[in-house]
Amino acid sequence: MTLPVRSVISPRPLRFAQPGLAYVWKQGAVAVAYYAAAQFSIAYATLPDAASTPVWFAGGIAVGAMLAYGVELWLGIFASILVLEFIFFKGWESTNSLMLAIAVTFIATLGKVIAAVWSDRLTQSRSPLDSPADVVRFILAAFLSHLPIGMLCAALVCNFGKAPWAAYRQIFITWWLSDAFGIVLVAPLLLAWSSTRSLDLFQFRNAIRQHWLEAAVMVVLVIGISEVALVDKYPVEYLLIPVIVWAAFRFRSPGATLVMVLLSLLAVISTAKGLGSFARSSMNESLLVLQSCIAAIALTTLLLCAVLYQNDQSKQALRDANHSLEDRVQQRTAELAQANAAIVDLNERLKQENLRMAAELDVVRQIQGLILPTPEELSAIQTLDVSALTDLTDEDSTDYFDVVETDGIVTLSVGIVGGRGLESGVLMLMVQTAVRTLAELRDRSSVRFLQTLNRTLYKNIERLSAQQQLTLAVLNYLNGSLSVSGQHEDLVVVRASGRVERVSMTELILPLGLEFDITAFTKRASVELQPGDGIVLYTSSLPSALDENGVMYSLDRLYRVVGQHWAQPASAVHRAVIQDVRQHMGQENVLDNLSLLVLKRRL
């Protein structure tokens, strides 16, 4: 059997509906119910002229209705109280009587609203029957909210001459306790039978269908024990407690509160007639003592119902969790199967991608090997001793260099093509072709050289929709004068004596291919080389090479090695640097994307 699920948080009573047929019907219903309960209660008034009665079930109807259906019902309650007070105090006889009726109406209505709102705030908008703590807060709100109300109303009736001031204490206590007892006894009945208690009502209806005989026996026992205790004056009122507990366990809060109200009505009627063990010399005292006893039983019953309600909620949540567990397992299994299939597919695509990248990298290596200058070309340069090395082992970028001699002008280009795969190789091939073409034009200006090269590359990169970037440095050498333009690592100038100088190239130009016109960004530097002087160009992987402890090779060490071996040919300097770098890194590490160019002016 699946029970209806009720929201943990019930609607706040502080809400105001738009006027309509349902709105009018609710206001009329609560007004009539309040008036009927008041007429029943006023029959037991001990001071009729002061409207003082020890029984006031109407207060429970007002607070219970506002907690269950909304505080907007205060309007119907106000109208009903106004009619009652007008009749009680005979408001048609004098202005004072009318003013008293209106004042008491406002104060009494305010007390009911305060009790409802305060209980709502203390229970955080849950039903006051949801937990034992909420039950206690509800009881406190009922008693404390009407303490000042009783004091004010008693003072009003005494001040307007409806009762002597000597009776103030009795009127105040009676007014206060009758309202509080009425709320404690009757309001839970309306809350238990409202739509907010769908779980309890569902169980109650099923219990009545399945255990109707028990319900009948329970009613008979309540009437029988009440008859014995309240009419025959045998002190067996305690026998009612097991019956009420039975009702709570079997029929939950709807059944228990119904039994409590039935018991209260029977007890009030019999006690008012002077019957039962609660009868005293004063009917006012008798009814207050009776209701205090019933209120204590009611408190215990409400606490028990709250515990049972929480237990039912936990059981229902557990049942729902068990019912949905298999579905969740199946769902998770299907999700895992989908995830596994996605992983398998991803692995397959990664394998294909790795194969493709490996093939592209191999093509790039072949392109690089085809376009780099050969040792024979380098040795044919009469004015310079040049030695160069490049090694492509990383697919994230491609090192490039070229050396071209045309009519005694030596053009060196060194750069890095950023990006992956075949596109980088194609761009490197474009650079090499453009550099060769521009070198044949015999223009010594490295600035114009780079500007023309940039425009060519910009158009090609735009056509290919590629994302690659290129840093490139162009050096033109003629008769000991070296013109430098472009962007690369710092240029190392080495004098014949082995002394090392640095020329920064990081701010000479932006990366190529980003802007069509780079005239405003192009700068130029010049270096004069005497016989025996030279330069060293390198890529960033060389000084950043790490040893087994994570220590970088560093530029200082590079300068020291170059200076120590500078008296030797360029190829010897080249080999000394590479050997020292590999010794620093150790045998297990691999130097990625190494490019090193050593150039010396021949003696």
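For every chain, the first residue of the written sequence is number 1, and numbering continues from 1 onward in sequence order. Local features are withheld for residues below a pLDDT of 70 in this predicted model, meaning they are given only at 70 or higher, and side-chain atom pairs are given and counted only at 80 or more; totals for whole chains, interfaces and linings count all residues. Computation of side-chain values covers all heavy atoms of the structure but excludes hydrogens and water.

Further remarks concern the overall build of the chain. Runs of H or I in DSSP of at least four residues are treated as helices and runs of E of at least two as strands, each being numbered from the N terminus. The secondary structure content of the chain amounts to 15 helices and ten strands. Note on contacts: a residue pair qualifies if any of its non-hydrogen atoms lie within 4.5 Å across the two residues. Counting only contacts in the chain whose residues sit at least 6 apart along the sequence, the fraction spanning at least 24 positions is 73%.

On to helix 4 (residues 95-122). Helix span, as expected, comes to 1.5 Å for every residue beyond the first. The terminal C-alpha atoms of helix 4 lie 40 Å apart, and with 28 residues this matches the ideal 40 Å at 1.5 Å per residue to within 8%. Immediately beyond the C-terminal end of helix 4, within one or two residues, lies Gln124, with a positive phi of roughly 55 degrees.

Using a 1.4 Å probe on the protein chains alone, a residue whose accessible area is under 20% of its type maximum counts as buried, one over 50% counts as exposed, and one in between counts as partly exposed. Extensive coverage of strand 5 (residues 481-486) is indicated by the burial of six of its six residues. Strands pair, by our definition, only if DSSP identifies at least two bridges between them. With four bridges connecting them, strand 5 and strand 8 (residues 525-528) associate as antiparallel partners. Looking at strand 8, one finds that Val484 is bridged to Ala525.

With that settled, the discussion passes to the nonpolar core. The biggest cluster of nonpolar side chains holds 86 residues, and the ones touching the most others in it are Tyr34, Phe89, Val157 and Ile171. Take this core: its biggest share by element is twelve residues, from helix 6 (residues 168-192). Not counting residues up to four positions away in its chain, the partners in contact with Tyr34 are Trp56, Ala58, Gly59, Ile61, Ala62, Ile77, Ser80, Ile81, Leu84 and Lys112. The next biggest cluster of nonpolar side chains, apart from the first, holds 26 residues, and it includes Leu372, Leu378, Val493 and Leu529. Take the buried residues of types Ala, Val, Leu, Ile, Met, Phe, Trp, Tyr and Cys, join any two whose side-chain atoms come within 4.5 Å, and each joined set is a nonpolar core.

So, about a nonpolar patch on the surface. Each patch is built from residues lacking any salt bridge and having more than 30% relative accessible area; the joining distance is 9 Å for like charges and 5 Å for nonpolar side chains (Val, Leu, Ile, Met, Phe, Trp, Tyr). For accessible areas, the Shrake-Rupley method is used with a probe of radius 1.4 Å. Any residue's cover is judged against the shown protein chains and nothing else. Think of a salt bridge as a Lys or Arg side-chain nitrogen and an Asp or Glu carboxyl oxygen that are within 4 Å of each other. Together, Leu82, Val83, Phe86, Ile87, Trp92, Leu98, Ile102 and Phe106 make up an exposed nonpolar region whose accessible area comes to about 710 Å². Sort the elements by how many residues they give to the nonpolar patch and helix 3 (residues 74-88) lands first, with four residues. Inspection of the secondary structure assignment puts Val83 in helix 3. Overall, Val83 belongs to the partly exposed group, its relative accessible area being 42%.

Once that is clear, we can look at the packing of aromatic side chains. Two rings from Phe, Tyr or Trp (for Trp, the six-membered ring) form a pair when their centres sit within 6.5 Å of each other. Planes less than 30 degrees apart are called stacked, planes more than 60 degrees apart edge-to-face, and all others tilted. Under the counting rule described, the total for this entry stands at eleven aromatic pairs. Geometrically, the ring pair formed by Phe143 and Trp176 is edge-to-face, given 6.4 Å between the ring centres and 90 degrees between the ring planes. You can see Phe143 sitting in helix 5 (residues 132-159) and its partner Trp176 sitting in helix 6, a full 33 residues away along the chain. Through successive ring pairs, a cluster of aromatic residues spans Phe143, Trp165, Tyr168, Phe172, Trp176 and Phe181. Should the NZ of a Lys or the CZ of an Arg lie within 6 Å of a ring centre and within 35 degrees of the ring normal, that charge is described as sitting over the ring. It is Lys600 that lies over the ring of Trp566; its NZ or CZ is 4.9 Å from the centre.

Quick look at helix 6 now. Helix length check: helix 6 (25 residues) gives 36 Å between terminal C-alpha atoms against 36 Å at 1.5 Å per residue, within 8%. The angle between axes fitted to the seven residues ending at a residue and the seven residues starting there is what we call the bend at that residue. Its axis deflected by about 30 degrees at Val186, helix 6 carries its strongest bend there, up to four residues before the proline Pro188. A large share of helix 6 lies buried, amounting to 19 of its 25 residues.

Mapped onto the secondary structure, Thr257 falls in helix 9 (residues 240-272). Judged by its relative accessible area of 4%, Thr257 falls in the buried class. Whenever two N or O atoms come within 3.5 Å, that pair is a polar contact, provided that in protein one can donate a hydrogen and the other can accept it, and provided that, for residues adjacent in sequence, both atoms are side-chain atoms. For Thr257, the side chain forms a polar contact with the main-chain oxygen of Ser253, separated by 2.6 Å.

We now examine the confidence of the model for the chain. What pLDDT expresses is the predictor's confidence in each residue, scored from 0 to 100. Mean pLDDT over the chain works out to 80, with 81% of the residues at or above the 70 mark. Scored below 50 in pLDDT, residues 1-16 shows 51 contacts in the model against residues more than four places distant or in partner chains.

With respect to the element layout, Arg250 can be found in helix 9. In the structure, Arg250 is positioned 35 residues away from Ala215 in sequence and 9.0 Å away in space, judged by C-alpha atoms. Other than its neighbours up to four places away in sequence, Arg250 contacts Ala207, His211 and Glu214.

Attention now moves to the pattern of salt bridges. Enumeration according to the criterion identifies nine salt bridges in this entry. Here Arg332 and Glu335 are joined by a salt bridge, their closest N and O atoms 3.8 Å apart. One end of the pair, Arg332, and the other, Glu335, are both in helix 10 (residues 283-371), three residues apart, so they sit about a helical turn from each other. Residue Arg332 is classed as partly exposed on the basis of its relative accessible area of 44%.

It is worth spelling out the packing of helix 2 (residues 57-69) against helix 6 at this point. Axis definition: a line fitted to C-alpha atoms, over the contacting stretch in the case of helices. Angles run 0 to 180 degrees between N-to-C directions. Orientation of helix 2 relative to helix 6, taken along the N-to-C sense of each, is 45 degrees, at an axis distance of 6 Å. In this view, helix 2 runs oblique relative to helix 6, as classed from their interaxial angle. Where helix 2 crosses over helix 6, the handedness of that crossing is right-handed. On helix 6, the residues that touch Phe57, Gly59, Gly60, Ile61, Val63, Gly64, Ala65, Leu67 and Ala68 of helix 2 are Asp179, Gly182, Ile183, Leu185, Val186, Ala187, Leu190 and Leu191. The classification used treats Ala, Val, Leu, Ile, Met, Phe, Trp, Tyr, Cys and Pro as nonpolar, Asp, Glu, Lys and Arg as charged, and all other residues, Gly among them, as polar. Per-class residue counts for the contact of helix 2 with helix 6 are twelve nonpolar, four polar and one charged. With respect to orientation, any angle under 35 degrees is reported as roughly parallel, any angle over 145 as roughly antiparallel, any angle of 65 to 115 as roughly perpendicular, and every other angle as oblique. Each crossing gets its hand from how the near helix is turned against the far one by less than a right angle, where anticlockwise is left-handed and clockwise is right-handed.

Right, let's talk about the pairing of strand 9 (residues 534-538) for a bit. Of all five residues in strand 9, five are buried; the element is thus mostly enclosed. In strand 9, alternate side chains face the same way, and those of Gly534, Val536 and Tyr538 on one face and Ile535 and Leu537 on the other are all buried. With three bridges connecting them, strand 6 (residues 491-494) and strand 9 associate as antiparallel partners. Note that in strand 9 the partner of Val493 across the bridge is Ile535.

Take the side chain of Ser131 next. Mapped onto the secondary structure, Ser131 falls in the loop between helix 4 and helix 5. Overall, the relative accessible area of 10% leaves Ser131 in the buried class. Looking at Ser131, its side chain comes within polar contact range of the side chain of Asp134, at 3.0 Å. When neighbours within four sequence positions are excluded, Ser131 is seen to be in contact with Ala306 and Gln310.

Another aspect to go through is unusual backbone geometry. In most cases, non-glycine residues show a negative phi, while peptide bonds are predominantly trans. Unusually for a residue other than glycine, Lys90 sits at a positive phi of about 50 degrees. Tracing the backbone shows Lys90 in the loop between helix 3 and helix 4. Residue Ser554 is not a glycine yet carries a positive backbone phi of 80 degrees. Judged by its relative accessible area of 28%, Ser554 is partly exposed.

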